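Chain and residue survey
As a plain string of letters, each chain reads:
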Amino acid sequence: MEQRRDHQDNCYAGPQDAACDSCTGRKRKAVKSCLVCLVSYCEDHLQPHYDSPNFKKHKLVDPSKKLQENFCSRHDEVMKIFCRTDQQCICYLCNMEEHQDHETVPAATERAEKQKELQESRQQIHQRIQDREEIVNLFQQEVEAINVSADKAVEDSEKIFTELIRLLQKRSSEVKQQIRSQQETEVSRVKGLQEKLEQEITELKRKDAELEQLSITEDHNQFLLNYPSLPALRESTHSSRIKIRPLRYFTDVTAAVSELRDKLQDVLRDTWRIISLKVNEVDDLLSEPETRTELLRCLQEITMDPNTASIFLLLSEGNRKVTLTNQQ
Ligand SMILES: *[C@@H]1O[C@H](CO)[C@@H](O)[C@H](O)[C@H]1NC(C)=O
């Protein structure tokens, strides 16, 4: 029940709808408007248009609320004539009165001509859309190419910098290893000398003890007998050769590594300029010449046909410039 009432409600014209002009009382929604009767019909009232051959030539269109605009406001007659002079629709009475000397044609004729122009405009628009879409596609391809190239450059340079870092780390540990090895050699050389000197000290102390023993011998004969058997004091082999150098040792290495750092920084700074330049040059490479030639390929010279142009268009510059005028 509910549904049925809804359906019936839906049959009646609301404020938005074109209403049936034949309904008396509450008006139902129109399903068609007739351009000959200039009346809108609901389903029931439209039926004669389908059934009777008298209506055969009537033109039915989707229901319209604006059918009144088809009537001349002065004479209340259907406007079936177009005045080209004033660019407006008029009725046959207007045509006989104030538009008498004007250029007039049946509205249908004017419509047919304008329809043709409109069709041509649409064709031009479609062509333009197609051209633009082609360019958009080219740009899309370009975006993809830029992305692929940028991704690869990022990946490659990351790899290269990683290699550089690894190389520096390798050099760093090599320097460390060399220093440690040299340190060990030096330390053991100094330790060796130290040990020999300590041996010598022990030996000298022993000899000094013997001499002391002899010096306190009371018996002269005994003293003189033992004296020559004492070995002569040898000159120390080491002490004269040892030179104590200033305490610098590995500071020269630090200086050399610092120099390497400074040189690398110089190289990095100089190369950096070149790298930045190359990154910025990409812009020029992309826009010249490929994209430009692609764009030029899509450009088309257009010329207007003066025979088909509207009489209110002014053609100039070899029919390539169009200006809208209010004179014929
Ligand atoms: C290109 O890269 C940009 C930025 O990473 C991204 O937003 C875009 O979706 C990418 N376009 C294509 C077509 O790959």
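Anything mentioned here points back to the structure above.
The structure displayed is predicted, hence computed values, not measured ones.

**Digging into the side chain of H49**
Structurally, H49 can be placed in helix α2 (residues 43-51). Given the relative accessible area of 8%, H49 is considered buried. When residues no more than four places from it in sequence are discounted, the contact partners of H49 are C34, C37, Y41, F55, H58 and L60.

**Regarding the sheet that holds strand β2 (residues 39-41)**
Across the sheet, which stays open at both edges, the three strands sit in the order β2-β1-β3 with antiparallel pairing between neighbours. A single partner strand is all that each edge strand has here, and the edge strands are β2 and β3 (60-61). Pairing of strand β1 (residues 32-34) with β2 involves three bridges; the strand directions are antiparallel. Looking at β2, one finds that S33 is bridged to S40.

**Quick word on the sheet that holds strand β4 (residues 81-83)**
Across the sheet, which stays open at both edges, the three strands sit in the order β5-β4-β6 with antiparallel pairing between neighbours. Each edge of the open sheet carries a strand with a single partner, namely β5 (88-90) and β6 (104-106). On average, each strand axis in the sheet is inclined to that of its neighbour by 35°, with strand direction left out of account. In terms of strand pairing, β4 meets β6 through three bridges, oriented antiparallel. In the sheet register, F82 faces β6, and the bridge partner there is V105. Together, β4 and β6 form the strand contacts of helix α4 (residues 107-215), whose direction differs from that of β6 by roughly 90°.

**Considering the packing of aromatic side chains**
Summed over the entire model, instances satisfying the criterion amount to one aromatic pair. When the ring centre of Y12 is taken as reference, the NZ or CZ atom of R26 above it lies at 4.0 Å.

**A look at the site of the ligand**
If you check the shell around the ligand, you find Q140, V143, E144 and N147 and nothing else. Interatomic distance of 2.4 Å between a side-chain N/O atom of N147 and an oxygen atom of the ligand. Contact with the protein chains hides 30% of the accessible area of the ligand, taken as 360 Å² for the molecule alone. For the shell around the ligand, the residue count by class is one nonpolar, two polar and one charged.

**Focus on unusual backbone geometry**
The residue L38 is not glycine, and still its phi comes out positive at about 55°. Counting through the fold element by element, L38 comes out in the loop between β1 and β2. Overall, L38 belongs to the buried group, its relative accessible area being 7%. One non-glycine residue, Q87, lies in positive phi territory at about 55°. Tracing the chain through its elements places Q87 in the loop between β4 and β5. The partly exposed category is assigned to Q87, whose relative accessible area is 36%.

**Things to note about a nonpolar patch on the surface**
Residues F161, L164, I165, L167 and L268 make up a contiguous nonpolar surface patch of about 460 Å² in total accessible area. Considering every element that reaches the nonpolar patch, the biggest residue donor is α4, with four residues. Relative to the elements of secondary structure, L268 occurs in helix α6 (residues 251-298).

The rules behind these values
Residues numbered from 1 in each chain as written. Predicted model: local features only at pLDDT ≥ 70, side-chain atom pairs only at ≥ 80, totals over all residues. Heavy atoms only, no water. Helix = DSSP H or I, 4+ residues; strand = E, 2+ residues; numbered from the N terminus. Buried < 20%, exposed > 50% of the residue type's maximum accessible area, 1.4 Å probe, protein only. Contact = heavy atoms within 4.5 Å. Pairing = 2+ DSSP bridges. Axes fitted to C-alpha atoms, helices over the stretch in contact; angles between N-to-C directions. Phe/Tyr/Trp six-rings, centres within 6.5 Å; stacked < 30°, edge-to-face > 60°. Lys NZ or Arg CZ within 6 Å of the ring centre and 35° of its normal. Near = heavy atom within 4 Å. Polar contact = N/O pair within 3.5 Å; in protein donor to acceptor, adjacent residues only side chain to side chain. Areas by Shrake-Rupley, 256 points an atom, 1.4 Å probe, with all protein chains shown as cover. Nonpolar A, V, L, I, M, F, W, Y, C, P; charged D, E, K, R; others polar. Patch = residues over 30% accessible without salt bridge, like charges linked within 9 Å, V, L, I, M, F, W, Y side chains within 5 Å. Salt bridge = Lys/Arg side-chain N within 4 Å of Asp/Glu carboxyl O.

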